[in-house]
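# Observations on the three-dimensional arrangement
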Amino acid sequence: MKSSSHWPKHIYLIASGEATHQHKATRESMGSKAYNLLRMAEIGLIVPPALVIGTHFTRTPDECMLPLFAVGLAALQDVSGLVFGDARNPLIVSVRSGAPVSMPGMMETLLNIGLCDSTAPGLLRQTGNPRLVWDAYRRLIASYAEVVAGLPGSLFEAEINRTTGGLDERELDFSELRELTARFKSIYQQNAGSAFPQDVNEQLSGAVRAVFASWNSDKAQAYRHINGIDAAMGTAVTIQAMAFGNSGGHSGAGVGFTRDPTTGDRKLWVDFLANAQGEDVVSGRRNAHGHQAMADLVPGAWRSLQEAVQALERAFGDMQDFEFTVQEGVLHMLQTRTGKRTPLAAARIAMDLLEEGLIDAATAHERTAGLQESDMGRVQIAPVDDKQTPVSPRARAATACPGVVSGEIALDGERAAARAAQGVQVVLVRQDAETSDIVALESAVGLLTQRGARTSHAAVVARQLGRVCLVGCDNLHIESEARTIRLGDLVLQEGDTITLDGNEGAVYDGVVAAVMVPDAALVSRLRALRASHAAGHQRRHGA
Amino acid sequence: MRIASVMLRQQLPMGMVADEARMLLARVLRKRTFEFDLLAEHAAYCHALALALCSALEDGSTVSAEQNSNLVLHAKAWERKADHLLMEARQRAERQLRWVPVVELLEKSDDVADALEEATFIFSMTRLDSLAGLPPIVQAALRRLADTTLAAIQDQIKAIEIARRVSESGEPADSELFLQTLWRMLRAERLCDELSRQARMKIVVALASVPVNLLLASDLANTIEKASDGLLAAGHALRQMVINKTGISA
């Protein structure tokens, strides 16, 4: 352990098996994600080593640069055994935001910082995977251009489309990705007025400043306003050694919940993408697979994950939302936080955790005190009688938030807000489940997307807002210019009505009748908990 | 170019600018290791072939005829590019003797590329409508064999990158890492041998009554194993090449 007298204040080091935070760390000082990362390391889970720049520096990011480069980076190199900017054994890092309160997808993240022309062969030496190296490098240039240099992402997306001819970019081989990297560098230079930085320290300082700056982005401010989050708390920035999920056939990235966040059922809820990085899952731009894909592909990592989630619930005493990477079959836990959930799930989880002895009755009562019995059930498609013809769904999708809603199709936020202001129920239909749609989600009763995962940030926000949400609808095709959508063979205009069934993952044409089906057993358990709490309260106060 | 343009702006004599450019170019060229560039590029194409085969075995028969045909075309293109690299090395060897061991190594590596391309073609035939794919138990056994070959190719790529530095600086840590990585790559051949036998057992049990599938699956297992044999030979050639160049002891 380093001497605390030489260790800078408001900078923290996290590494598995090491007592490394030299000054007292709190959730407020290092952000919720990093604090949880520290706790994961303390309970023995494998986490990639990280350096955390505290929330203290949000308003004055330049002040963190001296301690970061003079002390912090050297310590991170020590614990990782890698060297930042080294041609032989380079340390490649992610630079992530992390406020004391979770703001999913609202701030910036940069991956692969430290990769440049001279370190690329070093990463190849570490991974033996040329495709990974050039894929990581071209991703870095595009994301750095967008987040740090402020260039539009469409510049790079257009180049990808030119290269792939509209096919899936995952089909590109290492030489095509290498050519793409060269073209991205050229696009960067032409539009930013300077070359993409080959000095890794310049990359890192630019990334840290950009992530701090994203605390004040429009969407972050809107999110804070909606959720009543104090702007003064600021964000921390975590610099973490990268684990490469796109390092081949036995690697991947995933996001999950320790229990079903929609129903509260005791089952792991995991989205996994083979040969991918975490951002691919949470960005909402790709369809992820369920846990079976992970169990089949990397059975050892799947077993480790099942053990890890039990350790997480024991340590944190609540359902967790976690991210992980598998590199060459080895599981690395990247982050954990208390999972957002529906009211129904909140009740079931609290009472199950009480039953399992992970929380006490007072905590279970506190977590369920604000819940209404009327929320303890599910809105479902109404059963039809013998005289009625059952309706058939027009498309299927993955369910990210349950319930049934009917509403007018809106293809963008402006339309959704305008129609909602006129008192019309609106279903937002989008290609991707992206966080920039958060304001539009406020106006809508449901969200349907062509692509995306159940654990993408937009789906998380939809659940938090209680909006019915279906993602990854393969049969949906949006014609933005014609303002129409296709569900299989059926063409619908913007303004036509559809019904989303978030329980069964179905999309219907028109309005379909729905009914509320209460969960009597759950209501009964909730009543018993409340009665027991009230009796205890009476005894304590002698009333 | 930048330095030259600054010197010209400073109105320094042309001769001086040319000398400076020559010196810089010579310095850069001394640092380049063209032999290893070529070896790395060839190994990268082998990696692309192995990765595609593993993904195909993962996907099974759940792909369209067009995707199946694209896979075969991609594999053929990678194999041809790898072949061109071998031809380039042969041409260099005619002029410079130092390229002879590189050619010997690349010839062995090219056997790996050929075998993987052939394996991809054989697997594509199992996806034809009339054959309807391989049973999951056979596919899983073949995937384990292909995955092990892919991992060995990744070790080969790591070994080439380390060898590049071993030749440049001769650091003891690099030499040790090179030998460890190479040993892992060579050991994979024995593992592939075992996995191939296991796969053939599964193939016989599962496909005894389907002769065409039995033939194709057995051929596939043998061909993937042939790729791992090629890797073993390429690994020994790489070891010899580095030992001759640096004098490190094995």
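Computed from a predicted structure; not experimentally measured.

This brings us to the overall build of chain A. What chain A contains, in helices and strands, is 18 helices and 22 strands. Compactness check: chain A gives a C-alpha radius of gyration of 24 Å against a globular reference of 24 Å for 543 residues, within 12% of the reference. Referenced to the eigenvectors of the C-alpha coordinate spread, the extents of chain A come out at roughly 75 × 70 × 45 Å. The burial tally for chain A puts 52% of its 543 residues in the buried class.

Attention now goes to the interface of chain A and chain B. Contacts between chain A and chain B engage 13 residues on the former and 14 residues on the latter. Elements represented by at least two residues in the side of chain A that touches chain B include exactly α4 (120-127) and α5 (130-147) of chain A. For the side of chain A that touches chain B, a count of residues per class yields four nonpolar, five polar and four charged.

Residue and element names in this part refer to chain A. Ordered by their spatial adjacency, eight strands build an open sheet running β11-β21-β20-β13-β14-β15-β16-β12, and the pairing between neighbours is mixed. This sheet does not close on itself; its edge strands, each paired only once, are β11 (395-396) and β12 (398-401). By the bridge criterion, three bridges tie β12 to strand β16 (residues 468-471) in an arrangement that is antiparallel. Counterpart to Thr399 in the pairing with β16 is Leu470. Lying on the sheet, helix α17 (residues 457-465) is in contact with β12, β15 (446-449) and β16; it crosses β12 at an angle near 50 degrees.

Turning our attention to the environment of Ala163(B). Residues and elements named next belong to chain B. Mapped onto the elements of the fold, Ala163 is located in helix α6 (residues 136-169). For Ala163 and Ala119, which are 44 residues apart along the polypeptide, the C-alpha to C-alpha distance reads 29 Å. Leave out the neighbours within four places in its chain, and Ala163 touches Phe36, Phe178, Leu238 and Val242.

Another aspect to go through is the domain arrangement of chain A. Domain parsing of chain A yields domain 1 (343-375 + 518-541) and domain 2 (380-512). Relative placement of domain 1 of chain A and domain 2 of chain A: their C-alpha centres are 33 Å apart.

All names here are of chain A. Strand order across the open sheet formed by five strands is β1-β2-β5-β3-β4, with antiparallel pairing between neighbours. Lying at the two open borders of the sheet, with one neighbouring strand each, are β1 (11-14) and β4 (109-113). Strand-to-strand twist of the sheet, defined as the mean angle between neighbouring strand axes without regard to direction, takes the value 20 degrees. The sheet contact formed by strand β2 (residues 50-53) and strand β5 (residues 236-241) spans four bridges and is antiparallel. Looking at the pairing, Ala50 lines up with Gln240 of β5. Where helix α2 (residues 32-42) meets the sheet, it contacts β1, β2, β3 (93-98) and β5, and its direction lies at approximately 40 degrees from that of β1. Relative to the sheet, helix α3 (residues 65-80) contacts β1, β2 and β5, its axis offset from that of β1 by approximately 5 degrees.

Time to look at the confidence of the model for chain B. Residue and element names in this part refer to chain B. The predicted model of chain B averages 86 in pLDDT, with 87% of residues at 70 or higher. Confidence scores differ between elements of chain B, with helix α2 (residues 14-31) showing the lowest mean pLDDT of 62 and helix α5 (residues 100-126) the highest of 95. With a pTM of 0.72, the predicted complex shows an ipTM of 0.87.

Before going further, it helps to spend a moment on the pairing of β16(A). All names here are of chain A. Here β16 shows a buried face lined by Val468 and Leu470 and a second buried face lined by Cys469 and Val471. Two strands pair when backbone bridges link them, and β15 and β16 are joined in this way by three bridges, in the parallel orientation. Bridged to Leu448 within β16 is Leu470. Tracing the backbone out of β15, into α17 and back to the parallel element β16 gives a crossover that is right-handed.

Parameters at a glance
Residues numbered from 1 in each chain as written. Chains lettered and ligands numbered in written order. Predicted model: local features only at pLDDT ≥ 70, side-chain atom pairs only at ≥ 80, totals over all residues. Helix = DSSP H or I, 4+ residues; strand = E, 2+ residues; numbered from the N terminus. Rg over C-alpha atoms; globule rule 2.2 N^0.38 Å. Buried ≥ 20, exposed ≤ 12 C-beta atoms within 10 Å, placed from the backbone. Contact = placed C-beta atoms within 7 Å. Nonpolar A, V, L, I, M, F, W, Y, C, P; charged D, E, K, R; others polar. Pairing = 2+ DSSP bridges. Axes fitted to C-alpha atoms, helices over the stretch in contact; angles between N-to-C directions. Domains from an automatic or database assignment. pLDDT = per-residue confidence, 0-100. Right-handed = clockwise from strand over helix to strand, strands pointing away.

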